[in-house]
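Notes for the structure review
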Amino acid sequence: MNYIKRHAPEILALLGAFFITSFLIWALSQHATIGLLRVNGFYKLVFLAFGVLGLILLAAGLCYLWIKTKKNIRGNCWLSALIIILSIPAIIVPPLAFSFVGGIFSAAFVDTPPQLMMTGITGKYGIPDIAVYFTTGEAVSGYTLTWGDDSGNTTLTENKKTNQHMFILNDLKPDTRYHYRIDNGQIAYFSTPSTSGQLHIAVASDVHYGSENAKNDMTAKMLSEIADPANGFDMFFFIGDLVEYGFIDNQWEEAFNSFNMATSVIPTRYAAGNHDTLFSGLNNYLNYCVPEGLDEDAEARLWYRIDIGSTHILVMDVEWSAETYTKAQAEWLEQQLQSIPEDDWTIVLSHGFYYASGQYSNGWNWYDNEETIDKITPLFNAYKVDLVCSGHLHNLGLLEANGVKYAVCGAFGGLPEPEPVYISPFSLWETANQYAFTDIVIDGDACTLTFRDYNFNALYTLTFDQNR
Ligand SMILES: [Fe+2]
Ligand SMILES: [Fe+2]
């Protein structure tokens, strides 16, 4: 006991430095933290302050030891007081921060309602197999799914205990109305897309469930428009920032319960947003949005391809800027683009944007992103991608560069950006302070893209031909 008392200052200093270093190493090893530090000036400062505090403590501890060996008592008293004051936050804050952003007290899963998810596996009639997917807080087994069309029913029964319940509806026929129900629950209906007529896609981004600034009533209105059979949407892509903090369980619960009005009747898929994967959020994103078995390439998960007849949708993992655009993803992207016939439609979706109008904010230019433009768009140009949709920037815009159309559609309920200060030279149209989503109709050689507000009114429409 006496030994601890005698050496308390240097023990506290080293403990504080150790806690800070451990937290920083853990945080920096998380999926999207590097992007957070590069793009967000506030968090950069917080991390820097933490690092400096750790260094000061380490130096003070060593200095204290050195003074002690010289038996300078006055120096000891002064320095030990400083060490005690600095080491208190250094010992308390990192474990608290870790338990909050590391989700260590979180449930492994929360209950989420059944949703229809397009798989990356194309059935024998040329459209994706569809998964009915839901999660339960408890691992259970024995759920049944009954599904079919007018010609009959199939019943599938789960036979292993799990939190993740997935039933695959395979070899679906195009342009057909199907029904499904879990156990004796409510019967739900959905229709498959046509492979010869129009293909009708809804794309939206940035709700931020859990944020006090999220306009959930606007999101609900837009979800009901997407779900409305009269509007005839075949599929829905939500491309990131579904929740404010991906490491908080009940934000996912709120998100899926709210989205269910659309996702129970319109086959849906997601792209990862920087808020979804923040700190320990990546696991939640993977568990809820890309359960294993949804795509053929089970390893990638954060990027995948959906084929519907002659329309090919490549969903990428671009979150803050180009940090998550790895060599593996670049190789995958090029392979996919190479394999798509020239006369087919190629649509790329990602959370992070490329060309955009916007403003400087918090240490970052939120417009024409030089990094994503330099690193990624040369492939779009080389393979004549037709349309790229992204979010992240909470406004709306349509741009064209090198024959590729770029739609910015991050206005599904998150706090709108201010009016753009910088107008991109590639801009065709932009607006701010709107809540809207993107309505895309592919019809033969033409694509009609419409930004629709929460009343389903068209804010802007453009019909364009394929990029040839
Ligand atoms: Fe966002
Ligand atoms: Fe974002």
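Residues numbered from 1 in each chain as written. Chains lettered and ligands numbered in written order. Predicted model: local features only at pLDDT ≥ 70, side-chain atom pairs only at ≥ 80, totals over all residues.

Right, let's talk about the pairing of strand β13 (residues 345-349) for a bit. Working note: regular strand, side chains alternate between the two faces of the sheet. Of all 5 residues in β13, 5 are buried, a share of seventy percent or more. Judged by which residues are buried, β13 turns out to be covered on both faces: W345, I347 and L349 on one side and T346 and V348 on the other are all buried. Bridge analysis of strand β12 (residues 311-315) against β13 gives 5 bridges, and the strand direction is parallel. Residue pairing for β13: H312 is matched across the bridge by T346. With respect to chirality, the unit in which β12 leads through helix α9 (residues 327-339) into the neighbouring parallel β13 is right-handed. (Buried ≥ 20, exposed ≤ 12 C-beta atoms within 10 Å, placed from the backbone. Helix = DSSP H or I, 4+ residues; strand = E, 2+ residues; numbered from the N terminus. Pairing = 2+ DSSP bridges. Right-handed = clockwise from strand over helix to strand, strands pointing away.)

Now for the packing of helix α2 (residues 8-28) against helix α4 (residues 41-69). Where α2 meets α4, the axes come as close as 8 Å, and the angle between the chain directions of the two elements is 150°. The orientation of α2 with respect to α4, classified from their angle, is roughly antiparallel. Between α2 and α4 the crossing geometry is left-handed. From α2, P9, E10, A13, L14, G16, A17, I20, T21 and L24 reach across to α4, where they touch F47, F50, G51, L53, G54, L57, L58, A60, G61, Y64 and L65. (Axes fitted to C-alpha atoms, helices over the stretch in contact; angles between N-to-C directions. Parallel < 35°, antiparallel > 145°, perpendicular 65-115°, else oblique. Left-handed = near helix turned anticlockwise from the far one by under 90°. Contact = placed C-beta atoms within 7 Å.)

Our focus in this paragraph is the environment of M117. Tracing the sequence through the fold places M117 in strand β1 (residues 112-122). Exposure remark for M117: the 22 C-beta atoms within 10 Å place this residue in the buried category. Sequence separation of M117 and W320 is 203 residues, and the distance between their C-alpha atoms is 25 Å. Here M117 is in contact with I130, A131, Y133, P267, T268, R269 and L294, once residues within four sequence places are set aside.

Turning our attention to the nonpolar core. Core analysis: the biggest nonpolar cluster contains 127 residues, and V203, F236, I266, L349, V388 and C409 have the highest contact counts within it. When residues in this core are grouped by element, the largest group, 7 residues, is from α2. Here this core gathers at least three residues from each of two domains, domain 1 (2-101) and domain 2 (112-465). Those residues in contact with V388 that lie beyond four places of it in its chain are V348, Y354, F380, V404 and Y406. (Core = buried A, V, L, I, M, F, W, Y, C linked by C-beta atoms within 7 Å. Domains from an automatic or database assignment.)

Note: strand β21 (residues 446-453) against strand β22 (residues 458-465), 7 bridges, orientation antiparallel. Paired with C447 across the bridge in β22 is F464. Adjacent in sequence and paired antiparallel, β21 and β22 are bridged by 4 residues, among which F456 carries a positive phi angle near 70°.

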